[in-house]
Amino acid sequence: MTKDEIKKAEGKMQKALGALGANFNTIRAGRANPAVLDRIVVEYYGTPTPINQMAAISAPDPRTLMISPWDRSTLKSIEKAIQTSDLGINPNNDGSVIRLIFPPMTSERRNELAKEVHKMAEEGKIAIRNIRRDAMDKIKAMKKNNEITEDEVKDAEKDIQKITDKYVKEADSMADAKIKEIQEI
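Because the structure is a prediction, the values reported are computed rather than measured.

Q: Any chance you could explain the pairing of strand β1 (residues 41–44) here in plain terms?
A: A regular strand places its side chains on the two faces of the sheet in alternate fashion. Across four bridges, β1 lies against strand β2 (residues 47–50) in antiparallel orientation. Across the sheet, residue E43 finds its bridge partner in β2, namely P48.

This is how it looks when you write it as C-alpha cells:
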C-alpha cells in the first residue's frame, strides 16, 4: 500500500522536473531558440493564444528568429506582445514576417539570466518538497487509520526522502547545466 503512494509521489516529482526543464527552455541562452516564445501569448479574436499556434517560427541563423503568421492581420498584435514581454528584444516587422535578432549577451544579462535560473530551480525544488510533504501526510494518515504499522511508516518515510533527495539533486544539476550554457555564450 505504501509502495503505491511512493510511486505516485515519484511520478509527480518526475513531472515537476519536466516542468522545470520546460521553464529552462524558455530562457534565451545565446542561440535563437523558438522555445523562448512559448510563454508569450497574443490576443487573437478575444482569446489569448500562444504565438506558436498562430505562426510558423523558424531560425534562419543562430541569432535570428523569424515569425511568419498565418494570418497577416495579426502581425501588429504579435509585435506588440513581444514588445511588452520580458524577452528584451525589439521585433523588426517588415509587413509579412517579424524578425527577432538576438544581440550578443552582456555579462550583466548573463547574471540576470543566472538569477532567473536559480529562482526557477528553487521553485522546482519547492514543488518537489511539497510533493514529499503530501506523500508523508498520506502515509501518516494511513498509520492513523491503522492501515499500516509504525515500521512501514518509517520505511516509507526513508524511501520518500531518498527519492526527494534524488530529484532535488537532479533539479540542481539541471540548473547548473543551464547556467553553464548561459556563461559559455
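Q: Where do I start with the pattern of salt bridges in this structure?
A: Working definition: two side chains of opposite charge can pair if their charged atoms are close together. Within this structure, the stated rule accounts for eleven salt bridges. The closest approach of N and O atoms between D94 and R99, which form a salt bridge, is 3.0 Å. Residue R99 is classed as partly exposed on the basis of its relative accessible area of 32%. Of the charged contacts, one joins E150 and K143 as a salt bridge, the two residues approaching to 3.9 Å between their closest N and O atoms. The exposure class of E150 is partly exposed, given its relative accessible area of 40%.

Definitions and limits used
Residues numbered from 1 in each chain as written. Predicted model: local features only at pLDDT ≥ 70, side-chain atom pairs only at ≥ 80, totals over all residues. Heavy atoms only, no water. Pairing = 2+ DSSP bridges. Helix = DSSP H or I, 4+ residues; strand = E, 2+ residues; numbered from the N terminus. Salt bridge = Lys/Arg side-chain N within 4 Å of Asp/Glu carboxyl O. Buried < 20%, exposed > 50% of the residue type's maximum accessible area, 1.4 Å probe, protein only.

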